[in-house]
Amino acid sequence: MKITIIHGQSHQGSTCNIARLLAKKINGEVEEFFLPKDFGEFCIGCTACFKMSETKCPHFEKLSVITKAMDNADVIILASPVYVYHATGAMKAFLDHYGWRWMVHRPEPKMFSKQAVCISTAAGGGMKSTNRDMAHSTFYWGVAKTYQYGVAVRETSWERVSVKKKQKIEKKLDLLAQKIVKRYGHVKPSVKTKAFFEVMRQMQKSGWNEADVSYWKDKGWTRKKRPWKQ
């Protein structure tokens, strides 16, 4: 099983350690990226990715290494500490670059057979809103199953997190890893994902954006083909 971890920060704190611990429990081949070290560009709002092609994005080549890793992964882990009740700016800037991959535009077929995990930590609160920041993207990418795990570690460094807290985290991650391994190879999109895909499919039959319309027609999705059956 291949795992790609996208860290929403460049330091190796609690969120990083928990993401790595989960990957270890899944027992797969891991590839990691740290933001903004490995990618720190801001979307400039040129809309070239929507109107023409993602290759027209000025940051396409720099981002392509991470894109390839996510496409090859069976499990994508997005990990961000809570910054003012939301994901880090680096994570947001990263996700902004994949607007063209949302189902309303040109989703990648491989996403419909993947699992994703959104992980967040904080000294206090804000994990739910932070995980939602990331889970919005995994849903609209078409990822078949997204798990969310947030925990208040009550500390600002992993080293100072109590043994008792770490034991509780271990138990939660054991259960999560078991679910991921059990679904490996036969995970299917939810009813919600399929329903949203159908709405987008109907829209693309008479869509206004030529790049998107051509993409859906070429994939056969405006007819009988579906990405989770290919």
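Rules behind the numbers
- Residues numbered from 1 in each chain as written.
- Predicted model: local features only at pLDDT ≥ 70, side-chain atom pairs only at ≥ 80, totals over all residues.
- Heavy atoms only, no water.
- Salt bridge = Lys/Arg side-chain N within 4 Å of Asp/Glu carboxyl O.
- Helix = DSSP H or I, 4+ residues; strand = E, 2+ residues; numbered from the N terminus.
- Buried < 20%, exposed > 50% of the residue type's maximum accessible area, 1.4 Å probe, protein only.
- Expected span 1.5 Å × (residues − 1).
- Bend = angle between axes of the 7 residues up to and from the residue.
- Contact = heavy atoms within 4.5 Å.
- Pairing = 2+ DSSP bridges.
- Axes fitted to C-alpha atoms, helices over the stretch in contact; angles between N-to-C directions.

## Some words on the pattern of salt bridges
Counting across every chain of the model gives 13 salt bridges. As a salt-bridge pair, K92 and D96 come within 2.6 Å of each other at their nearest N and O atoms. Placement of both K92 and D96 in helix α4 (residues 89-96) is noted, with a separation of four residues, approximately one turn of the helix. Here K92 falls in the partly exposed class, since its relative accessible area comes to 48%. Bridged by salt links that share partners, the residues K25, E170 and D174 form one connected network.

## Side note on helix α5 (residues 127-141)
The end-to-end C-alpha distance of α5, which contains 15 residues, comes to 21 Å, matching closely the 21 Å that a straight helix rising 1.5 Å per residue would cover. Its axis deflected by about 30° at M134, α5 carries its strongest bend there. Along α5, the positions that sit buried rather than exposed are M127, S129, T130, N131, M134, A135, S137, T138, F139 and W141. On its buried side, α5 packs onto α3 (60-72), β3 (75-81), α4, β4 (115-122), β5 (145-152) and α7 (191-205). Just downstream of α5, G142 is the residue with a positive phi angle, here 100°.

## Thoughts on the sheet that holds strand β1 (residues 2-7)
Within the open sheet, the five strands sit side by side as β2-β1-β3-β4-β5. Their pairing is parallel. Lying at the two open borders of the sheet, with one neighbouring strand each, are β2 (29-34) and β5. Going across the sheet, the axis of each strand differs from the next one's by a mean of 15°, ignoring polarity. As paired elements, β1 and β3 share five bridges and run parallel to each other. Bridge pairing in β3 links I5 to I77.

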